[in-house]
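Residues per chain, in single letters:
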Amino acid sequence: MGKFAINFKIFNENMRYPHAEIEAKWQKFWEEKGIHKTDFSKTEKKLYTLVMFIYPSGAKLHCGHWYNYGPTDTWARYRKLKGYNVFEPMGYDAFGLPAENYAIKTGIHPQDSTLKNIEDIRQQLKKMGCMYDWDAELMTCAPEYYKWNQWLFLQLYKKGLAYRKKAPVNWCPNDQTVLANEQVQADGTCERCGTPVIQKNLYQWFFKITDYAEELLDGLDKINWPEKTKLMQRNWIGKSVGAEVTFGVDGSDDEIKVFTTRPDTLFGVTYVVLAPEHPLVDKLTTDEHKKQVEEYRDSIKSLTEIERTSTVKEKTGVPIGAYAVNPVNGEKVPIWIADYALITYGTGCVMAVPGHDERDFEFAKKFNLPIRKVILEPGTKEDDELTEAFTGVGTMINSGEFNGLKSDEGIKKITEWLEEKGYGRKKVNYRLRDWLISRQRYWGTPIPVIHCPECGEVPVDEKDLPVELPYDVDFSLGGESPLARNEKFINVKCPKCGTDAKRDPDTMDTFVDSSWYYFRYLNPHIEEQMFDKERADKWIPVDMYVGGAEHATMHLLYARFIHKFIRDLGLTNSDEPFQTLIHQGTITNQGAKMSKSKGNVVNPDEFTVDYGADVFRLYLMFMGPYEMGGDWSDKGISGTDRFVNKVYDLFKRNENLLNDASPKDKYDVDSLSDDEKFIYKKTNQTLKKVDEELEQFHFNTAIAALMELLNNLKNIDKCSNDFKAYVLTRFAVMTAPLAPHLGEECWQLLGNDTSLFENPLWFDADPAGLVEDAVNIAVQVNGKLRSTVQVPVDSEQEKVKEVVFKDEKVLKHIDGKSIVKEIYVKNKIYNIVVR
RNA sequence: GCCGAAGUGGCGGAAUUGGUAGACGCGCCAGACUCAAAAUCUGGUCUGGGUUACUCCAGGUGCCGGUUCGAGUCCGGCCUUCGGUACCA
């Protein structure tokens, strides 16, 4: 009996924070009261916070998701407490290849596995305790959603921005699907399965993103995105300004148009290169070169574009026997084909100037083609031999009437000359290519087009949307896609003429889904429009968008393009979708990205069960700067666990404090006891610090500041109850965005009968509480720290000097030396320079 | 190769942007409580050296130089790691 009593007492005095119970309690409270539902009619201080939606794979939520969602929710909650009307939705990027691959392997239908995964993931997400408005939940595989992908397609089609062409595309023999260039890895393998990618010619649907290239470039100046990401998009768009120049062909009427950024080097052209696939090659190749050309073309057929254009690979090529005529001097130069000329960029033809282009130089050296110097490098002589291409600005030589001009000036002059004579014109080229959206797969949005033997391409009428994805299909791998093999789906009558026709068998890239989903969240079940335009005009753009940097040149570029198109349809009044963008860092494990195949995925459940969602979320935030990520280790989690328990104990000890205490809004510092004065300053300094750090996604330092404050509350029990209440209410509010369940619980423990997130509240620091009345000043001699002295804040130099020159340690170091200079920085340092 | 970011204790990381390097946390060491352990609490913890005592001395932020009274922070040149990109004419 006695032993039991002792144990009971110990247990009571130091009770562990009952996280499971408290987290369940508040999640239930928030849900039942509908606290996270957004009132869209209140647009003052509206704040649309969005995190990239989740791909519902069987692997469920992992640490990376937590790292993405938890801290973002903390920021959203922080803004909510500051009085913003926050909208924070969550949904599912539900179409895609993995579900179909899973079906191929297990026979489980993609729809069934996806819906099941969504069920599970939704439950997991709810346990995180984020502020999601579940009324806004959406999934892209629902007909009510993908109907509007099809509608969007039709609008693009009408404007000529969706078109079909036969083009060399990346084909993954394993997945039996086309891959976008961005989805092929640097080594020429499939991003998803690692199989080497081959080339295949297919009719494909494209969205003409290139029409928006210039605007996509300009728009970058207007958005608050990481510079790094904007730079990546700029490079991806790859604008270059130059000229298109028309070369003649010797003994033929044909013309060869080349694009060059260096028209000033036209006199240095010693050969011309065509892409091996260029249509002119067949026409121009002389009989004696035919065999050689065919052999060369065969030799590069098996290479992917990535391999062909690899800089590491040595350049190859063969002459075709024909000659081009240089318009500036009438000179005949040989025509070659070489794999370094790309049919997909510019005109597919290159004028080669080995003297002033590194690639051409290398090629000319290898095949003994002439190298002619036409730009003189400053500080060199005309007859010095070129050992490498000179690509800088210099003086034009060997260039007829243009000799003596500076080469940058020459670019302008020669372009004008070409335009005058009709040999060329100024031209802007982009590296960006049109967006290939066709997928020869099942689990995606059907393309709403019918192919009729009589009428050709016939778009499906808008009133017949959605073209629903049939459930009964054979999705085993094979030559044709599952939809093409589905008789019921694929065979239709032509809507125009009634003839037997076929549906387009392809589905859309899932990046189409994600390029406008942020509009749909505002009212995901609206039937008569793509999205609620009235709400969108008030709530779009997304104010804060958080997601991985790996989407820099794909999703984030496509979404900007589609946004601008939607604007051009008159459906939105904004130019950009995402006003501010933040990338969370990557959490790796043993140096590698977490992935199922590597077997290094860390399951968050074991931590949330043992420690609770708040502790786990705090730990992820405390690990380091949010945008840096880092290698996973659970070593420090006991730190945030201890913190949470200490905070809970503190509030538990002061349960119902507000019943007999009425804290003031602020205190006159001079009226406080020493302990109170100290705590008052720390509290207000922390308010300021936490506010600044949370605003900037600096969660680690915000948490450190709160821990520091907690450490400084040792003597809180020596303070008056009113004062205590002042400190603890503020502590609870600062805790709430970081650890929302704990924050609410602490708030309630104090005796409040409201919820913090139901009645948001944030405290600003009292400026008077920020001021220290004494500061420590570092005293240096010749820049080395020798002592510190305490002086009143903002002391003038003379006052400090008096103290400094009484300091023994300082005197010791200046003894017998002459003082050259004294530097005083108020409240910081006093440096004495001696010799 | 080119573009970008980063290198700070045993570990994760701070440092008001040129002004006391190592906040906060983990780990470790010592002590308290306990029959004991766990939990908790208190103190210590950059390295080397000196002292009865420390308000002592020297060195120290990837490497080599420089600017400055003063450099983790700025400049020049390297090295390493991680991302992006791959002949774009």
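Residues numbered from 1 in each chain as written. Chains lettered and ligands numbered in written order. Predicted model: local features only at pLDDT ≥ 70, side-chain atom pairs only at ≥ 80, totals over all residues. Heavy atoms only, no water.

Helix and strand counts for chain A come out as 29 helices and 30 strands. In terms of overall dimensions, chain A has a C-alpha envelope of 105 × 85 × 50 Å along the principal axes. Among the 835 residues that make up chain A, the fraction classed as buried is 54%. Long-range contacts, defined as pairs at least 24 residues apart, comprise 72% of the intrachain contacts of chain A with a sequence gap of at least 6. Counting only carbon and sulfur atoms, one obtains 49% of the accessible surface of chain A, whose full area is about 37,700 Å². If you average the places of the 108 positive and of the 128 negative side-chain charges in chain A, the two averages end up 2 Å apart. (Helix = DSSP H or I, 4+ residues; strand = E, 2+ residues; numbered from the N terminus. Buried < 20%, exposed > 50% of the residue type's maximum accessible area, 1.4 Å probe, protein only. Contact = heavy atoms within 4.5 Å. Areas by Shrake-Rupley, 256 points an atom, 1.4 Å probe, with all protein chains shown as cover. Lys, Arg positive; Asp, Glu negative; His and termini not counted. Charge placed at Lys NZ, Arg CZ, Asp CG, Glu CD.)

All right, on to unusual backbone geometry then. The omega angle of the peptide bond from Leu465 to Pro466 is 0°, so this bond is cis rather than trans. In this model, Ile540 is joined to Pro541 through a cis peptide bond whose omega is 10°. The residue Lys60 is not glycine, and still its phi comes out positive at about 65°. Residue placement: Lys60 occurs in the loop between strand 1 (46–51) and helix 3 (63–81). Overall, the relative accessible area of 22% leaves Lys60 in the partly exposed class. You will see that Asn398, though not glycine, has its phi angle at about 50°, which is positive. Topologically, Asn398 is positioned in the loop between strand 13 (395–396) and helix 13 (407–421). Taking the relative accessible area as the measure of exposure, Asn398 reaches 40% and is therefore partly exposed.

Applying the stated criterion across every chain, the model contains 58 aromatic pairs. Plain terms: the ring middles of Phe259 and Tyr345 are 6.5 Å apart, the flat faces sit at 80° to each other, and that makes the pair edge-to-face. Here the residue Phe259 occupies a position in strand 7 (residues 252–260), and Tyr345 occupies one in the loop between strand 10 (332–338) and strand 11 (349–352), the gap between them amounting to 86 residues. For Phe259, a relative accessible area of 12% corresponds to the buried category. According to the relative accessible area criterion, Tyr345 is partly exposed, its value standing at 30%. For the ring pair Phe723 and Tyr726, a centre distance of 6.2 Å and an interplane angle of 20° mean the geometry is stacked. (Phe/Tyr/Trp six-rings, centres within 6.5 Å; stacked < 30°, edge-to-face > 60°.)

All right, on to the sheet that holds strand 22 (residues 542–546) then. For sheets, the rule is that strands pair by backbone hydrogen bonds, running either parallel or antiparallel. The strand order across the open sheet formed by four strands is 2-1-22-23, and the pairing between neighbours is parallel. In this open sheet, the two edge strands, each paired with only one partner strand, are strand 2 (85–87) and strand 23 (578–582). Across this sheet, the average inter-strand angle for adjacent strands is 25°, counted without regard to direction. Its contacts with the sheet put helix 19 (residues 555–568) on strand 22 and strand 23, and the angle it makes with strand 23 is roughly 175°. (Pairing = 2+ DSSP bridges. Axes fitted to C-alpha atoms, helices over the stretch in contact; angles between N-to-C directions.)

Now for helix 24 (residues 699–711). The end-to-end C-alpha distance of helix 24, which contains 13 residues, comes to 18 Å, matching closely the 18 Å that a straight helix rising 1.5 Å per residue would cover. For helix 24, every residue scored as buried is listed here: Phe699, Asn700, Ala702, Ile703, Ala705, Leu706, Met707, Leu709 and Leu710. Residues of helix 24 that are buried in the fold lie against helix 3, helix 21 (613–622), helix 22 (637–653), helix 23 (674–695) and helix 25 (721–738). (Expected span 1.5 Å × (residues − 1).)

The subject of this paragraph is the pattern of salt bridges. Tallied over the full model, the rule gives 53 salt bridges. Linking Asp641 and Arg16 is a salt bridge whose minimum nitrogen-to-oxygen distance equals 2.8 Å. Of this pair, Asp641 sits in helix 22 while Arg16 sits in the loop between helix 1 (2–13) and helix 2 (19–33), and the two are 625 residues apart along the sequence. Of the charged contacts in the structure, one is a salt bridge between Lys37 and Asp135, with a shortest N-O distance of 3.3 Å. Of this pair, Lys37 sits in the loop between helix 2 and strand 1 while Asp135 sits in the loop between helix 5 (110–128) and helix 6 (143–158), placing them 98 residues apart in sequence. Given a relative accessible area of 42%, Lys37 falls into the partly exposed group. Salt bridges here are not isolated pairs; linked through shared partners, they connect Glu215, Arg560, Lys564, Arg567, Asp568, Asp575 and Glu576. (Salt bridge = Lys/Arg side-chain N within 4 Å of Asp/Glu carboxyl O.)

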